[in-house]
Protein chains: 2
Amino acid sequence: MDTSQLLKGVLDLAVLAVLKDEDGYGYDVLRRLRHGGMDEVGDASVYGTLRRLYRAGYLTSYVVPSDEGPHRKYYGMNDAGRERLVESEKAWRAFAETLDGILRKGAAA
Amino acid sequence: MDTSQLLKGVLDLAVLAVLKDEDGYGYDVLRRLRHGGMDEVGDASVYGTLRRLYRAGYLTSYVVPSDEGPHRKYYGMNDAGRERLVESEKAWRAFAETLDGILRKGAAA
DNA sequence: CGCGGTAGTGCGCAATGCGCAATAGTGTCC
DNA sequence: GGACACTATTGCGCATTGCGCACTACCGCG
């Protein structure tokens, strides 16, 4: 099974959710998602999503040098991001409910 | 909001679900989905999905001329399709649960 | 010094939903 | 009879987005 297509349009939401309470850098966000059950999510996808969300104005960004490795690019939420999270979550729940409805009733009118 | 990305990888599932109990032709499948709440699904997407599923061996197909309009291309499930439906549904539920989990706990360990 | 883990960027690909145009049959309204 | 709307399908090209892979780079360990 290829779950990668299921991620489309939802990875944004997952990344925002994971950054809601605490800023994080790419590699860390990746770990949070994997730890949250999204085992197969690719690193490039997460980095790309973070960049995309940042470009779109949903995230703030600052670089922090690290003593024990390469620099880390932290991302944090701003108001637009928080709003986006709420809306995306709403859209997700509505969509999931719609699909569940279709799965339940099949072709029935 | 753009829900089109949420559809990715799930339209297959929805189409299979809608064909589970009763054969249907493209335009009709489209109506079933719209009626089921997927208001914004595009016609080309449904036709494309049906062709794709047929090519992949999950559906049977037969053409029926109609008295009141152009011919209709009916699609029906075969065993592979039914199996695929079950698996996709399982994958969907697992995925939805995973995402819900991430949404609930945010960055929390 | 090489290797593995950490951390990020860039490139090109593949999948898939969508808009739009074209074709085509039927019925309706003027 | 002609314009239009609804039904029904196909094909084309586009945009989005997740992914694999390669590359850079920093650190500590053996």
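No experiment lies behind these values; they were computed from the predicted model shown. For every chain, the first residue of the written sequence is number 1, and numbering continues from 1 along that sequence. Just so you know, chain letters begin at A and ligand numbers begin at 1, following the order they were written in. Where local features are concerned, this predicted model is filtered to residues with pLDDT of at least 70; where side-chain atom pairs are given and counted, the filter is 80 or more; whole-chain, interface and lining totals use all residues. Excluding hydrogens and water, the side-chain values take into account all heavy atoms of the structure.

### Structural notes on the UniProt feature "domain: Transcription regulator PadR N-terminal" (unreviewed entry) in chain A
The UniProt record marks residues 15–85 of chain A with the feature "domain: Transcription regulator PadR N-terminal" (unreviewed entry), using the residue numbering of this structure. Working definition: helices are DSSP H or I runs of at least four residues, strands are E runs of at least two. Numbering for both runs from the N terminus. Across residues 15–85 of chain A, the secondary structure splits into 49% helix and 20% strand, with the terminal C-alpha atoms separated by 9 Å. UniProt positions are given in the numbering used here, feature names are shortened, and annotations may be inferred rather than shown by experiment.

### Quick word on the sheet that holds strand β3 (residues 72–77) of chain B
All names here are of chain B. Overall, antiparallel pairing links the three strands, which are arranged β1-β3-β2 in an open sheet. Here the strands that pair on one side only, and so sit at the sheet edges, are β1 (24–25) and β2 (59–64). As defined by bridge partners, β1 adjoins β3 across two bridges and the pair is classed as antiparallel. Bridge pairing in β3 links Y25 to Y74. The sheet strands contacting helix α2 (residues 11–19) are β1, β2 and β3, and the helix crosses β3 at an angle near 90°. Note on contacts: a residue pair is in contact if any heavy atoms of the two residues lie within 4.5 Å. Interaxial angles span 0 to 180 degrees and are taken between N-to-C directions of axes, which are lines fitted to C-alpha atoms, for helices over the stretch in contact. Of the strands in this sheet, β2 and β3 are in contact with helix α4 (residues 43–55), which crosses β2 at around 120°. By this definition, two strands are paired if DSSP reports at least two bridges between them.

### Focus on the interface of chain A and chain B
Contacts between chain A and chain B engage 36 residues on the former and 36 residues on the latter. Two parts lose some accessible area (1.4 Å probe) when they are put together, and adding that loss for both gives the buried area. Buried area between chain A and chain B, both sides added, is near 3,400 Å², and the carbon and sulfur share of it is 73%. By salt bridge we mean one thing: a side-chain nitrogen of Lys or Arg within 4 Å of a carboxyl oxygen of Asp or Glu. Our count for the chain A to chain B interface comes out at two salt bridges. A salt bridge links R93(B) to D100(A), with the nearest nitrogen and oxygen atoms 3.2 Å apart. Elements with a contribution of two residues or more to the side of chain A that touches chain B: α1 (4–7), α2 (11–19), α3 (26–35) and α5 (79–105) of chain A. Per-element accounting of the side of chain A that touches chain B gives the leading share, 14 residues, to α5(A). For the side of chain A that touches chain B, the per-class residue count stands at 19 nonpolar, seven polar and 10 charged. Under the grouping applied here, Gly and all other residues not named as nonpolar or charged are polar, the nonpolar ones being Ala, Val, Leu, Ile, Met, Phe, Trp, Tyr, Cys and Pro and the charged ones Asp, Glu, Lys and Arg.

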